[in-house]
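The primary structure of each chain is shown beneath.
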Amino acid sequence: MLDINNIGVSFGGVHALSNVTFAMPQTGISALIGPNGAGKTTLFNVITGFVTPKEGSVKFDGKEITGFKSEQVFMGGISRTFQNLNIIPELTLRENMYLGFIGKERPSAFATMTRLNRKYWKETSQRIEECMNFVNVTEYADMTPGSVPYGVLKNFELGRAVMSKPRLLLLDEPAAGLNLAEKENLADMVRKIQSMGVCILMVEHDMQFISSLADFVVCLNFGQVIAAGTYAEVRENKEVLRAYLGDEDA
Ligand SMILES: Nc1ncnc2c1ncn2[C@@H]1O[C@H](COP(=O)(O)OP(=O)(O)O)[C@@H](O)[C@H]1O
Ligand SMILES: [Mg+2]
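Residues numbered from 1 in each chain as written. Chains lettered and ligands numbered in written order. Predicted model: local features only at pLDDT ≥ 70, side-chain atom pairs only at ≥ 80, totals over all residues. Heavy atoms only, no water.

Engineer: What is the right way to read the coordination of the magnesium ion (ligand 2) from this model?
Structural biologist: Ideal geometry at a metal centre: 109.5 degrees between donors when four sit tetrahedrally, and 90 or 180 degrees when six sit octahedrally. Coordination of the magnesium ion (ligand 2) by the protein comes from Thr41 (OG1) and Gln83 (OE1), over a distance range of 2.1 to 2.2 Å. Linking threonine 41 in helix H1 (residues 40–47) with glutamine 83 in the loop between strand E6 (78–80) and helix H3 (93–98), this pair joins segments that are 42 residues apart in sequence. When its relative accessible area of 31% is taken as the criterion, glutamine 83 is described as partly exposed. (Donors = N, O, S within 2.8 Å, 3.2 Å for Na, K, Ca; no water. Helix = DSSP H or I, 4+ residues; strand = E, 2+ residues; numbered from the N terminus. Buried < 20%, exposed > 50% of the residue type's maximum accessible area, 1.4 Å probe, protein only.)

Given below as structure tokens:
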């Protein structure tokens, strides 16, 4: 599904990623774990065209996407959420939801003005309602994000990311800041999305959260892959324990 090969990224003197190589399975849920500053978000930014790597390549379904612009990556079927919520404060949630779709199909402005595009807008608004319903945010649809609880906004981002019916979905710390009940609810939604045939890669450092979800786990530390395999394999890896516990004897 996703082949990451020898990716290197530097910001000034900081090597955010060095020689990052792994292949994500064709199906299922994979997790990218690692301590703060390990380079997880940077890798998402490389995959989705927000950061250009100084070396290495990214292939999606066997096709080179390194250096693609973020719109091209999105059109190609990769959608994502952001660690820091990325919701326009002046727009309602329903309006923000539309942004998850824009560009995926391009309605002609002329056809819309002359009302020839009724089918497009009808289907789009149905999809918006469907996605809002799926992540349980319908009752907040007409509110702006400032007056909506954080947990609802996290769900909203997930709903917006599936608007475009991606083949690969990247989630950046979807469980961060959620309480236990919200996390369980999120896990159910993630499973449902996966069961629709969407491949998922999520950044998470809550090991508990990924334990029941992820089939394949990659651990980054200081910009390098220190372990990759099943959850059980990675959890027992000595370097992973050390990175997490900061304990030389672990
Ligand atoms: N745009 C940027 N400019 C400079 N340094 C950055 C930038 N983005 C990330 N970094 C640095 O790269 C490293 C990895 O960051 P990040 O990918 O956000 O880690 P993680 O998501 O694993 O917490 C950190 O040292 C961070 O400070
Ligand atoms: Mg991050």
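Engineer: Just checking my understanding: could you explain the sheet that holds strand E2 (residues 14–24) for this structure?
Structural biologist: Strand pairing in a sheet relies on backbone hydrogen bonds. The paired strands run either parallel or antiparallel. Taking strand neighbours across the sheet as the criterion, the four strands line up as E2-E1-E4-E5 in an open arrangement whose pairing is antiparallel. The sheet is open, and its two borders are formed by E2 and strand E5 (63–64), each paired with just one other strand. Two strands pair when backbone bridges link them, and strand E1 (residues 2–11) and strand E4 (residues 55–60) are joined in this way by five bridges, in the antiparallel orientation. Residue pairing in the sheet places leucine 2 in a bridge with phenylalanine 60 of E4. Strand contacts of H1: E1, E2 and E4, with the helix running at about 115 degrees to E1, the strand carrying the most contacts. (Pairing = 2+ DSSP bridges. Contact = heavy atoms within 4.5 Å. Axes fitted to C-alpha atoms, helices over the stretch in contact; angles between N-to-C directions.)

Engineer: How should I be thinking about the site of ligand 1 in this particular structure?
Structural biologist: Surveying the vicinity of ligand 1 reveals the residues Phe11, Val14, Ala16, Pro35, Asn36, Gly37, Ala38, Gly39, Lys40, Thr41 and Thr42. Contact between ligand 1 and glycine 37: an oxygen atom at 2.7 Å from a main-chain N or O atom of the residue. Contact distances for ligand 1 include 3.2 Å between an oxygen atom and a backbone N or O atom of alanine 38. Considered on its own, ligand 1 offers 560 Å² of accessible surface; in the complex 58% of this is hidden by protein. At the level of secondary structure, the elements contributing two or more residues to the shell around ligand 1 comprise E2 and H1. Here the shell around ligand 1 gets three residues from one element, more than from any other, and that element is H1. (Near = heavy atom within 4 Å. Polar contact = N/O pair within 3.5 Å; in protein donor to acceptor, adjacent residues only side chain to side chain. Areas by Shrake-Rupley, 256 points an atom, 1.4 Å probe, with all protein chains shown as cover.)

Engineer: I'm lost on the domain arrangement of the chain in this one. Help?
Structural biologist: A common way to report how large an interface is uses the accessible area buried once the components associate. By the assigned domains, the chain splits into domain 1 (2–77 + 166–245) and domain 2 (87–148). Distance between the C-alpha centres of domain 1 and domain 2: 28 Å. (Domains from an automatic or database assignment.)

Engineer: Could you clarify how one ought to interpret empty space enclosed by the protein in this entry?
Structural biologist: Once rolled over the atoms, a probe with the size of a water molecule shows which space is left empty. Counted according to the given criterion, the structure contains one cavity of 30 Å³ or more. One number sums up the size of the largest cavity: a volume of about 70 Å³. Lining the largest cavity are Thr81, Phe82, Leu85, Lys154, Glu157, Leu158, Asp172, Glu173, Pro174 and Leu186. Per element, the largest residue contribution to the lining of the largest cavity is three residues, and it comes from helix H6 (residues 150–162). (1 Å grid on protein atoms, 1.4 Å probe; cavity = no way out; pocket = protein on both sides within 12 Å on 5 of 7 lines; lining within 4 Å. Points joined across faces, edges and corners; volume = space filled by probe spheres on them.)

Engineer: Got a minute to help me understand the pattern of salt bridges in this structure?
Structural biologist: Pairs can form between side chains of opposite charge once their charged atoms are near each other. Overall, the coordinates contain nine salt bridges when judged by the stated rule. Here glutamate 130 and arginine 127 are joined by a salt bridge, their closest N and O atoms 2.6 Å apart. Of the two residues, glutamate 130 and arginine 127 are both situated in helix H5 (residues 118–134); the distance of three residues between them amounts to about one turn of the helix. As a salt-bridge pair, aspartate 188 and arginine 191 come within 3.4 Å of each other at their nearest N and O atoms. With aspartate 188 and arginine 191 both in helix H7 (residues 180–195) and three residues apart, the pair spans about one turn of that helix. (Salt bridge = Lys/Arg side-chain N within 4 Å of Asp/Glu carboxyl O.)

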